[in-house]
Amino acid sequence: MAATKPIPTLRGEEKVYFEEAKNGRLVYQLCRDCAQRIFYPRTVCTNCMSENLEYVASAGKGTIYSFTTLHVPGHPEFADDVPYTVVLVDLEEGVRVLADLVDCDPDDVKVGMSVEVLFEAVTEDFTVPRFRPSAQ
Amino acid sequence: MSIRDTVAIVGAAESDVWESQGRSPIGLMAQAIKRALDDAGLRKDDVDGLFTASSYYHMPALNLSEYLKIFPRYVDSTTIGGCSFVSHIQHAAAAIQAGLCEVAVIAYGSTQRSDRGKLVSMAEWLPYEEPYGLQHPISSFGMIAHRHMAEYGTTSEQLAEIAVSARQWAMKNPKAPYPRPLTVEDVVSSRMVSSPLHKFDCCLVTDGGGAMVITSVDRAKDLNSKPIYVLGAGEAANHRNILGMDDLTTTEAVSSSQRAYAMAGVGPADFDTVHVYDAFTISALIQLEDLGFCKKGEGGSFVENGRIAPGGELPVNTNGGGLSYCHPGMLSMFLLLEAVAQLRDEAGERQIPDAQLSLVHGMGGALAGHATAVLSNRRG
Ligand SMILES: [Zn+2]
């Protein structure tokens, strides 16, 4: 049995993001002043530096921009999980997120593959977004 | 105003490498500094500028001041990852030109090999990456390599050519640890770590340290060592975490190198030796593209057929590099020291005849920070 998975120490907007994940929402930010779409959440807009930002839920669908499959665990906590795949996903809304990929043989992962989000509770208090191949 | 041709490297030395023989990271720094000062014909009381970066010490310039009883009037521990020491050259040149110091020491030491498994990194995690089990930094480079393969058709065999070439150079370096050649088959059949990168796509894990002494070109005239002039320098940065790297296949090495080339008035075709940050085969390949040695996407075919190996048209990482000589965690000190060895005609069996102009490019993090230096044994 591997040790407990890492739970990040969360501050400020980081807390908001993972609170939303617990509610089943993968959020990014929209700048109300310049319409910039931002991920990960910031205090100011990456384009115009406005603080007038709102959280918006993504539909959770996108394509794999790139990936790597770990055959050696990144940390002892992941020893039971190898091989596992970490993906960079370009969401349809135009932002990029990072998560792991489940329900997919590592040999079948491809750049450009369609994926969709799911949510998994790591603990009672901490939920992470993950991806799996799209249903269609 | 520019730092072009205002300063020279007048002392350069490695500490003991591979295993530290009972020395601490700062002990290796101190050993290298003594050797570099001896090389320059200077004493520690001459040092008034102190530059260092470290994975061990939170405020490394202060540790070094205390450890060596050096009392600088200019202090810089800029940390932009493994390329920090290349950036320190530019910073030292600016400080010397501004009269804020006259004799700068740049130092590094690490016992990463002796520490294996015990090293506690000071690096923070991005909360949006931490839950997913990435192995830093190889998983980031795995994603970079897969994207390069998808966009440009680059193959694992082409990446392996970089490791094979590095080993061929290392076999001409009496201090390198592996005296046997490496084949493409050896690389692609070695253990997969974080796909598509295998064990032999990765650098060695060694101990090691180094130091350089930099002073004005005027002061260099009074010293006995052969000065190596800084003709150009550049820096750039655009992200910290792999999630923040918008384009995984083109990096700020482009802008960093263009700044250095413009300052020096040179271009990629002018270099006799090239020293790039080969923490991974893919990192070297992307730098060769971004530094202008081939077009974007053509790095795979560029490194085939021994082009960067001994006897090839472009001598790259002539000491064996991080892949086959020495990589204590922050490689750029060793890229710089090898360039200096070549320009001083002190590189032994691997010497490039009449080498006059060398390019050193370092990256920090996963192709996140960049620093470039154009060095020559002749004034600009
Ligand atoms: Zn905005």
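See the structure shown above.
Residues numbered from 1 in each chain as written. Chains lettered and ligands numbered in written order. Predicted model: local features only at pLDDT ≥ 70, side-chain atom pairs only at ≥ 80, totals over all residues. Heavy atoms only, no water.

Chemist: What am I meant to see in the pattern of salt bridges here?
Modeler: Proximity of charged atoms lets side chains of opposite charge pair with each other. Scanning the model with the defined rule gives 28 salt bridges over all chains in all. Here E116(A) ties to K61(A) by a salt bridge, and the two come within 3.5 Å at their closest N and O atoms. Taken as a pair, E116(A) in strand 7 (residues 114-121) and K61(A) in strand 4 (residues 61-70) lie far apart in primary sequence, 55 residues in all. For E116(A), a relative accessible area of 12% gives the class buried. On the accessibility criterion, K61(A) (36% relative accessible area) is partly exposed. One salt bridge in this structure joins K175(B) and E14(B), with 2.5 Å as the shortest N-O distance. Linking K175(B) in the loop between helix 5 (156-170) and helix 6 (184-188) with E14(B) in strand 1 (residues 7-14), this pair joins segments that are 161 residues apart in sequence. According to the relative accessible area criterion, K175(B) is partly exposed, its value standing at 46%. On the accessibility criterion, E14(B) (16% relative accessible area) is buried. (Salt bridge = Lys/Arg side-chain N within 4 Å of Asp/Glu carboxyl O. Helix = DSSP H or I, 4+ residues; strand = E, 2+ residues; numbered from the N terminus. Buried < 20%, exposed > 50% of the residue type's maximum accessible area, 1.4 Å probe, protein only.)

Chemist: Even after reading the chapter, I still don't get the coordination of the zinc ion, so can you show me in this structure?
Modeler: Ideal values for angles at a metal depend on the geometry: 109.5 degrees with four tetrahedral donors, 90 or 180 degrees with six octahedral donors. All names here are of chain A. Only C31 (SG), C34 (SG), C45 (SG) and C48 (SG) from the protein coordinate the zinc ion, and they sit 2.3 to 2.4 Å from it. Coordination at the zinc ion comes from four donor atoms whose angles at the metal span 105 to 115°, giving a geometry best classed as tetrahedral. Taken in sequence order, the residues that donate to the zinc ion follow the motif C-x2-C-x10-C-x2-C. Residue C34 is located in the loop between strand 1 (27-31) and strand 2 (37-38), and its partner C45 is located in the loop between strand 2 and strand 3 (53-57); the two are separated by eleven residues in the primary sequence. On the basis of relative accessible area, C45 is assigned to the buried category, the value being 2%. (Donors = N, O, S within 2.8 Å, 3.2 Å for Na, K, Ca; no water. Tetrahedral: all angles 85-135°; square planar, octahedral: opposite > 155°, others 65-115°.)

Chemist: Quick question: what am I supposed to make of the sheet that holds strand 1 of chain B here?
Modeler: All names here are of chain B. Judged by pairing direction, the sheet is mixed, and its nine strands sit side by side in the order 3-2-4-7-1-8-11-10-9 without closing on themselves. Pairing within the sheet leaves two strands with one partner each, and these edge strands are strand 3 (74-76) and strand 9 (273-276). The mean angle between the axes of side-by-side strands here comes to 25°, regardless of whether they run parallel or antiparallel. Pairing geometry for strand 9 and strand 10 (residues 357-364), over four bridges, is parallel. Bridge pairing in strand 10 places V276 opposite H361. Sitting on the sheet, helix 2 (residues 60-68) is in contact with strand 2 (49-52), strand 3 and strand 4 (103-110), with an inclination near 125° to strand 2. (Pairing = 2+ DSSP bridges. Axes fitted to C-alpha atoms, helices over the stretch in contact; angles between N-to-C directions. Contact = heavy atoms within 4.5 Å.)

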